[in-house]
Structure formats: structure tokens, C-alpha cells
Amino acid sequence: MAVKIVRQVKSIALLGAPTSAAGLASGQEGAPAALRSAGLLDRLTSAGFQVTDYGDCAPRVYKADDEHPRARNVNEVLAILEELGPKVEIAVKSGALPVILAGDDSVVLAAIAGARRYYRHVSLISVDRDAGLNVPATTPSGCVDGMVISHVTGRGAPELVRFWGEPPLVREPDVAVFGIDRVDEPEQRWLVRSPLHRYLAVDLKKRGPAVAAQEALETMHGSRHEFVLLLDLDVVASEDFAATNYPGSGGLSLDEVRQALAVFARQPNLAALVLAGYNPTRDADGSGAKILVDLLVDVLAPRLQAPPAEGTESATATAGAATIEETPVNVSENTEPAAGSISVPANASSEPPDIAAPASESVAPEKTAVPSSDGTPDKHSDVVSEGEPPAE
């Protein structure tokens, strides 16, 4: 069956994924509620967007989970992916841009799966300080979040690789890691021989983030195929934004991140945007939430000037794609319900549970130099010291 997706450039589908299960500390599950409280929906509406709020999935909170030391809380992570995926499918089919307010970045798997329900070719651009290339055999901490690119490319935890019935979700040549400067030694070894595309923070500063972002799009065929954009906020230097579990000096400034996002977000083939890594328990005065609301509105507003884009792709369901029955009340009229058994309430919301104090992790592995684009180690890359937070 072929489904014609008519993109509604003024439409945004807001989805909440309140989870910290894939990380190493609680707190991130409060991100969707905090961003809504900071006025995100009103700001997007005032900018000219028609926003449909799909509400939040059930909260999933980090636990120590010593029974699965190589992939902590993997079952909880899988549960939220299975709940979120059908919502993303509905949003994609409606023609709106899904904007997913996530806790941790594991949620990007559901975003890609939802897009792949209707598009054959979906790439991934991950704007993140960490490479996300650990696997259960090499992870120093069992942090599922620190393996997110491996899950996507079919090398990660088996439960998450099988989330999409025909792995990989995205082929390695169709993945770009953008802004990295913290890499574990096993990740570095993999980067040297992997066909995925890497853009180091130190190189982006020299070349200019907007120029590098445009190059990444061309390399990833972002002008011809759909792509999902993941923004993990620890990519921003802690001097500009510190409300994350793993802040660090150096890296990219907030303005440099904004410049790159502006290039990515204005592309008509952007299939979904995932915002991850914000921890409101580290943002006592709410200033971080306001920064993020401003950032999202700034980079998304130029989409309002773009003409509608159409695309016809195969919608053949696979073992990894859920089917859907009902659509939210406020989605565009061009949405046709698909057969299935999952329903999604319109404008629903769920409050996160009481947020526990961030847990600590005893493992603090040393980070090593990141290989540059030519494969040589970059001496300017960060090395995690004993006083810095544990690696993902």
C-alpha cells in the first residue's frame, strides 16, 4: 500500500516521552512537563504553528537494575518505545512535524520507527557530545543511553535492536554524529573503521557549524530523503547550559548549536525532532527551560515560510512497525486512520511522579581523544577527569 504524505508546514505534533530509564540518574523524566510549564505550546502557537498535543507516555524512571548490568532498565526502555512508536506514526501520517520532548535519547528509536512506517529511507543526525557507540560487551556502566547509535544501527542491546522487526533501523552510512568530543576507547576503535559520518566539535568551531550542518545534510541525502534529528543537550557547553546529567566545558556554545539546528530544522524532509537530555531537577529557577523554549521556537519558525512538501513512500508494515486505529481530534483532515488496535487520546497529559535525587554511578571511565574526520586522533578533544560525571 502506498500512502501519500502531504506535509503541513504549519503543523507540529507535540509528544512527551517522560523517561530517565536509559540513563544513570533520575530527573529527566520531568522534562516534558517542565517544558510545557515554561510555555512551549503557547510560544509555538504564537509563532504561527498549529500544535496538536498528544500528551505524555507513562513515566519511566531510572532504577539501579543490578540484574542487567550490561543494559540497565532495558525492559522499561522497550516499554516506552512501544508506547511512543504508534503515536509518532499517527503524527507522521498527519503531515505534521513530530516534536518529541524526551528525557533520555533512547526515545529516538521510536521516532525513527514511526517515520519508517511510511518512508523507506530515513537517516539520523545525532547532535550529541557523546558518540553513543558502546555495546553491551564494552559499556563501562550498562547505560542504555550510551549505546543509542549502536541500537539504531543493529549492534546494541538485542531487545532494542529487535524493536524494529528488520534491523537495522538506520544503516551506518546514513548516520551522522555531530558535535562529539567525548568518546570511550572502544567507541574510538569503532569510529575509525565505521562508515558512519562524524563531525567533531573542534572541527565545527573551525569550519562554522552552519557550513558543517549543510555538508552533513548533503552527505546524508537530507535534501532527498527523510531524516530524524536528535538533540542531546549535553552537546552544549556547560557555561551556556548546565541543566543536564553530564554537563561539560568546551564543546559547542549555545549559539553554535543554534546555528546548526537552524540549518537542519528548515529542511522540508525533517521527519521528526527529538529533544533529550534536559533535567529540570538541575534547573531550580527554570531558566534552562526558557532557554530551550526560545531555542526550539527560533529554529522552527523559518519552516512557516516553506511551501508544503509532498512525498509518496511505501507504507508496507513490518514486524517492527505497530499499527494504529484512532487519530487525535486536532490533527489535519488529510489523515486517514489505519487499521490496528492502538488509540491515542488528544491533548492528554500525565504528571511525572515525585522526582528522586539524582543517583550516582561509581564507574567513571576515562574518555579518550576523538578521531578527527581524517581518522587521526584529535588532541583537543575532552578527556574526562576524576571530578567529571560518569560516561554514558
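Being a predicted model, the structure only gives us computed values, none of them experimental.

We now examine the overall build of the protein. When helices and strands are counted, the protein shows eleven helices and twelve strands. As presented, the protein carries roughly 14500 Å² of accessible surface, and 49% of it is formed by carbon and sulfur atoms.

Right, let's get into the pattern of salt bridges. Applying the stated criterion across every chain yields a total of 16 salt bridges. With a closest N to O distance of 3.7 Å, Asp255 and Arg258 form a salt bridge. Of this pair, Asp255 and Arg258 both sit in helix H10 (residues 254-265), separated by three residues, roughly a single helical turn. The exposure class assigned to Arg258 is partly exposed, which follows from its relative accessible area of 24%. Within the structure, one salt-bridge network assembled from shared partners comprises Arg36, Asp53 and Asp56.

Summed over the entire model, instances satisfying the criterion amount to six cavities of 30 Å³ or more. Of the pockets and cavities examined, the largest cavity occupies roughly 130 Å³. Along the wall of the largest cavity there are 14 residues; nearest its centre are Arg7, Gly95, Ala96, Leu97 and Leu270. Along the lines of polarity and charge, the residues of the lining of the largest cavity split into eight nonpolar, three polar and three charged.

Moving on to the pairing of strand S5 (residues 122-127). Of all six residues in S5, six are buried; the element is thus mostly enclosed. With burial as the criterion, each face of S5 is covered, one bearing Val122, Leu124 and Ser126 and the other bearing Ser123, Ile125 and Val127. The sheet contact formed by S5 and strand S8 (residues 226-232) spans six bridges and is parallel. Bridge pairing in S8 places Val122 opposite Glu226. One ladder, built from four bridges, connects S5 with strand S6 (residues 175-180); its direction is parallel. If you follow Ser126 over to S6, its bridge partner there is Val177.

In this section: the confidence of the model for the protein. For the protein, per-residue confidence averages 83 on the pLDDT scale, and 77% of positions sit at 70 or higher. Counted against residues more than four places away or in other chains, residues 371-391, with its pLDDT under 50, gives 56 contacts.

On to the sheet that holds S5. Read from one edge to the other, the open sheet built from eight strands follows the order S3-S2-S4-S9-S8-S5-S6-S7, with strand pairing classed as parallel. This sheet does not close on itself; its edge strands, each paired only once, are strand S3 (50-56) and strand S7 (197-200). Taken over all neighbouring pairs, the strand axes of this sheet differ in orientation by 15 degrees on average, direction set aside. Here helix H2 (residues 40-47) sits on the sheet and contacts strand S2 (11-17), S3 and strand S4 (97-102); the angle it forms with S3, its principal contact strand, is near 160 degrees.

One finds Val108, Leu124 and Val228 to be the most contacted residues of the largest nonpolar core, which totals 62 residues. Per-element tally for this core: the top contributor is helix H3 (residues 74-94), with ten residues. Other than its neighbours up to four places away in sequence, Val228 contacts Val108, Ala111, Ile112, Ala115, Val122, Ser123, Leu124, Ile125, Ala271 and Ala272. Counting 53 residues, the second largest nonpolar core, distinct from the first, contains Leu44, Leu101, Val236 and Leu304.

Another point: the environment of Gly208. When you line up the elements, Gly208 lands in the loop between helix H8 (201-207) and helix H9 (209-219). Using a relative accessible area of 18% as the deciding quantity, one classes Gly208 as buried. Sequence-wise, Gly208 and Ala260 are 52 residues apart; in three dimensions their C-alpha atoms are separated by 8.7 Å.

So, how was this worked out
- Residues numbered from 1 in each chain as written.
- Predicted model: local features only at pLDDT ≥ 70, side-chain atom pairs only at ≥ 80, totals over all residues.
- Heavy atoms only, no water.
- Helix = DSSP H or I, 4+ residues; strand = E, 2+ residues; numbered from the N terminus.
- Areas by Shrake-Rupley, 256 points an atom, 1.4 Å probe, with all protein chains shown as cover.
- Salt bridge = Lys/Arg side-chain N within 4 Å of Asp/Glu carboxyl O.
- Buried < 20%, exposed > 50% of the residue type's maximum accessible area, 1.4 Å probe, protein only.
- 1 Å grid on protein atoms, 1.4 Å probe; cavity = no way out; pocket = protein on both sides within 12 Å on 5 of 7 lines; lining within 4 Å.
- Points joined across faces, edges and corners; volume = space filled by probe spheres on them.
- Nonpolar A, V, L, I, M, F, W, Y, C, P; charged D, E, K, R; others polar.
- Pairing = 2+ DSSP bridges.
- pLDDT = per-residue confidence, 0-100.
- Contact = heavy atoms within 4.5 Å.
- Axes fitted to C-alpha atoms, helices over the stretch in contact; angles between N-to-C directions.
- Core = buried A, V, L, I, M, F, W, Y, C linked by side-chain atoms within 4.5 Å.

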